[in-house]
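So you can see what is in the structure, the chains are spelled out below.
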Amino acid sequence: MKEKILYLGNILLLFIFLFTLVIIPNETNVSNIKQINEKEATTFLLKEKSTSLALPVINDDSKDTQIENISNADFIKYDDNFMYSIINTKLNIISLESNELIESIEFNNFYPLELLLSNNQIIVFGSLEQTYNLIPGHKIEYRLTSFAMYFINKSHFIISRFITFDNSFYINAVTKDDYLYLILMNTNIFNNETHTFIYPTFNDSMLGKDQLKSKDLYLNETGNNAYSLLLLAKIDLNNKAKTNLKGFLGLAGITKLTSDYLTIACSIYNETSKTDLIIFKTDEFNYKGHIIIDGYLISEYALYTYNNYLRIATSNYINDESKNYIYNISLTSFKVLSSIQIAPKESIYAIRFKDNYCYLTTFLYIDPFYLIDFTNPNKIIITHEVEIDFVGDYIKLLDDDAIFMLGRLLKPTGESEGLVLALFNKELKLIKNVKITNPNIYSDVIYNQYAIAFLDNYVAFPAYSNEKQAVYVYDNSDLALLHQFNFEDEFVLRTLFINNKLYIITNSSLTSYSLPNYTKINEINFA
C-alpha cells in the first residue's frame with residue numbers, strides 16, 4: 001500500500017511538472033525589468049564592460065523611413081493660426097493669414113533645436129551650457145551641457161516655464177492630452193572616486209529643484225552593454241502635478257514613442273543577432289513586457305503598433321549575407337504569433353505600415369517591392385511582389401488605389417545618377433514613372449520623411465546636385481512637373497503646403513507662394 005501511494009505520488013509530481021512546463025510563460029513573459037537600490041546600481045556600473053562582440057550600428061540615418069500621424073518634435077511646426085520655426089537659434093512665429101513675421105524670440109545661453117506644440121503652449125527643446133569655476137580664484141573652468149525646455153504661451157508668446165535636466169540629452173518626446181512624455185539619456189551617473197551612484201537632478205522654474213527618487217530606479221536584466229541611464233519623464237503641462245521621473249539602467253537602443261506605447265529595441269551584447277523589444281505603456285511608463293527576436297531593428301519606423309499587435313522588420317548579416325525578418329507580436333501575451341523571412345541577400349530601404357498592411361522595398365540584386373498582409377494575426381502573407389529597377393527610398397499611400405514612391409537610380413559604383421518618381425496601384429503594378437537625371441542628384445527625402453510635402457494632387461520636395469539646388473513641384477496623380485524653384489546661395493530646409501499655399505524654408509529665409517500660379521506672396525529674411 002505504501003509503495004502504491006508513493007507511486008501515485010510520483011505520478012502526481014510528474015503531472016504537475018509537465019503541467020508547469022505547459023502553463024509557465026516562456027522567457028518573453030518573464031519580467032526583465034526590476035526595481036533596484038543604490039547598491040545594486042553601483043554593482044552593475046562596476047561590472048567590466050563586454051568588448052568580446054562588436055555591436056551593430058543601431059540606427060542608420062541614411063535608411064530612416066517614414067511614419068504618419070505621430071506628432072514628433074521638429075524644427076518647424078504649425079497650427080491653425082501660426083507657423084513656428086527655429087532658424088539661426090531663434091524661435092520665429094509667422095502668421096498664416098498675413099504671412100508676416102510677428103515675433104522672433106531670442107534665448108540667453110540656450111541653443112534651441114526642436115519644438116512641439118500642445119493646445120496652448122509652444123515647447124522648445126535644446127541645450128544649455130553652464131560654466132563653473134572649479135577652484136575659486138583660479139581660471140579652471142568646467143563646462144556642463146544640460147538638456148533644457150522653454151514653455152511659451154501661445155496667446156501672448158511669453159515664456160511661462162523653464163525646465164533643465166542636468167547632464168542629460170534628448171532622445172524623443174510626444175504630447176498627449178495635458179502631458180508631455182519625454183525620453184532622455186544620462187551618462188553622468190557614477191562617481192569613479194567614491195564608487196557611488198549619482199541621481200540625476202532637474203530644475204523646474206514653476207515647481208523647484210528635484211531629482212530621481214531611489215524608488216524609481218530600475219535595471220534591465222537582459223544583459224545590454226549600456227552603462228547609461230534612460231530617463232522617462234511625464235510632465236504636467238498645467239503645472240498641477242510634480243514631474244514623474246523614472247530611470248532605467250542598462251536600457252539603450254532605438255526608441256519608438258507614440259501616444260500609446262514606448263518600445264525600446266535593445267541589441268543584446270552576449271548574443272549574436274538578437275534584439276530585445278521592451279514595451280511600456282506611455283501614460284505612466286509602466287512596464288508591459290518584453291520579447292527577444294532575431295535580427296537588428298532597421299530604424300524606429302520599422303516598428304508599428306496596431307490593435308494590440310506589434311509589427312516589426314529586422315535584419316542581420318551572417319557570413320556577409322543579409323537576412324530579413326517580419327514579425328507579428330501580441331502585445332497581450334508578448335509572443336510571436338507569426339513570422340516570415342523575406343528578400344534574402346537584400347537590404348530593406350523603405351517601409352510603410354498602414355493598418356493590417358506593410359509596404360516594403362529592398363535593394364541589392366533583385367530589388368523587390370512587397371505588399372505584406374497581417375489580417376490573419378497567425379499567418380503573415382506576402383500578397384504581392386514585384387521587381388523595380390531603382391532604389392525605392394520613400395513610400396506614400398495616396399489613397400486606396402495609388403502608391404507614390406521616390407527613389408534613386410544608382411550607378412554600379414553606388415553614385416546617384418538620377419531620382420525616380422513612381423506611381424503604383426494597390427496590386428503594386430507600375431502606372432507611371434519619371435526621372436530627374438542630373439548627375440549626382442540627391443534629396444533629403446531619402447533620409448528625412450518631413451522633407452516632402454503633399455496637398456491634394458501636389459507633391460513638393462527639395463533636391464540638390466553638384467550644380468544646383470531646386471524645389472520640384474509635381475502633380476502626384478500623373479507625375480507632371482508643375483513648377484521648379486532654383487537656388488544658388490541658400491540651402492532648402494523644408495517645403496510645406498498650408499492653406500493652399502506653398503512655403504519654402506531655407507537657412508536664411510521663408511517664402512510663401514500662392515497656388516496654382518506660384519506667385520510670390522511674401523519673403524521673410526532671417527537675420
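Let us look at the structure shown here. This is a predicted model, so every value here is computed, not measured.

Now for the sheet that holds strand 1 (residues 33–35). Spatial strand order, 1-16-18-17-11-10: 6 strands in an open sheet with mixed pairing. Looking along the sheet, the strands with just one partner apiece sit at the ends: strand 1 and strand 10 (168–176). Pairwise comparison of adjacent strand axes, ignoring direction, gives a mean angle of 25° for this sheet. Summarising the sheet, strand 16 (residues 217–220) and strand 18 (residues 244–249) pair through 3 bridges and their orientation is parallel. Opposite Tyr218, over in strand 18, you have Phe248 as the bridge partner.

The next thing to look at is the pattern of salt bridges. Applying the stated criterion to the full structure yields 13 salt bridges. Two residues, Lys176 and Asp260, come together in a salt bridge whose shortest N-O distance is 4.0 Å. Taken as a pair, Lys176 in strand 10 and Asp260 in the loop between strand 19 (254–257) and strand 20 (261–267) lie far apart in primary sequence, 84 residues in all. Here Lys234 ties to Glu284 by a salt bridge, and the two come within 2.6 Å at their closest N and O atoms. With Lys234 in strand 17 (residues 229–236) and Glu284 in the loop between strand 21 (274–281) and strand 22 (286–294), this pair connects stretches of sequence that are 50 residues apart. Given a relative accessible area of 11%, Lys234 falls into the buried group. With relative accessibility at 33%, the residue Glu284 sits in the partly exposed group.

The rules behind these values
- Residues numbered from 1 in each chain as written.
- Predicted model: local features only at pLDDT ≥ 70, side-chain atom pairs only at ≥ 80, totals over all residues.
- Heavy atoms only, no water.
- Pairing = 2+ DSSP bridges.
- Helix = DSSP H or I, 4+ residues; strand = E, 2+ residues; numbered from the N terminus.
- Axes fitted to C-alpha atoms, helices over the stretch in contact; angles between N-to-C directions.
- Salt bridge = Lys/Arg side-chain N within 4 Å of Asp/Glu carboxyl O.
- Buried < 20%, exposed > 50% of the residue type's maximum accessible area, 1.4 Å probe, protein only.

Don't take any of this as a statement about function, it's just geometry.
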